[in-house]
Amino acid sequence: MYYNNKRLALSIFWIILGAVLIWLGIAGEIDGTYFSGMGGAFTAVGVLQTIRILKYRNDEGYKERIDTELNDERNNFLAMKSWSYTGKIVVLIEGVGMLTAYLLRQETVVQVLSYSVCLLALVYWISYMILSKKY
């Protein structure tokens, strides 16, 4: 079962954490604008996830549709392909951004983008090595 009690407990935790952050922001104990906004987002996510979980438990049609989406091989293939394209596009955009920042003499931006590209390449290489041994 995809929507189990752990997920429900986590959703309730987000609601409580969000309410506490909102209350602390209103009370002036913490930075009101930033943490109150974050608390509102946590509360909204918790409420929406709780609604999804309760709908999953009570509506058989919705439950069947979600289970099909989670276990369908085509959806898994599409998700893997999407991540593949996303990785390639991010590396290309960062490379173009790096060159643009270099031409604009923004050394800090060049350095951050270079580290990001190197990190992506490292993670790709490690993943490739692990998967080549597994499959």
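Residues numbered from 1 in each chain as written. Predicted model: local features only at pLDDT ≥ 70, side-chain atom pairs only at ≥ 80, totals over all residues. Heavy atoms only, no water.

This paragraph deals with the layout of surface pockets. The space that makes up the largest pocket amounts to roughly 590 Å³. Surrounding the largest pocket, 16 residues form its lining, Trp-83, Ser-84, Gly-87, Tyr-124 and Ser-127 being those nearest its centre. Those elements that provide at least two residues to the lining of the largest pocket are α4 (73–103) and α5 (107–134). With 9 residues, α5 is the largest single contributor of residues to the lining of the largest pocket. Per-class residue counts for the lining of the largest pocket are 10 nonpolar, 5 polar and 1 charged. (1 Å grid on protein atoms, 1.4 Å probe; cavity = no way out; pocket = protein on both sides within 12 Å on 5 of 7 lines; lining within 4 Å. Points joined across faces, edges and corners; volume = space filled by probe spheres on them. Helix = DSSP H or I, 4+ residues; strand = E, 2+ residues; numbered from the N terminus. Nonpolar A, V, L, I, M, F, W, Y, C, P; charged D, E, K, R; others polar.)

Note that an α-helix has 3.6 residues per turn; residues three or four places apart therefore point the same way. Taking 1.5 Å per residue, 12 residues should reach 16 Å; helix α3 (residues 60–71) reaches 16 Å between its end C-alpha atoms and fits that length. Sitting at the amino-terminal end of α3 is Asp-59, which places a side-chain oxygen 3.2 Å from the backbone nitrogen of Gly-61. (Expected span 1.5 Å × (residues − 1). Polar contact = N/O pair within 3.5 Å; in protein donor to acceptor, adjacent residues only side chain to side chain.)

A separate point is the domain arrangement of the protein. With domains assigned, the protein is organised as domain 1 (5–71) and domain 2 (74–134). Taking the mean C-alpha position of each, domain 1 and domain 2 sit 31 Å from one another. (Domains from an automatic or database assignment.)

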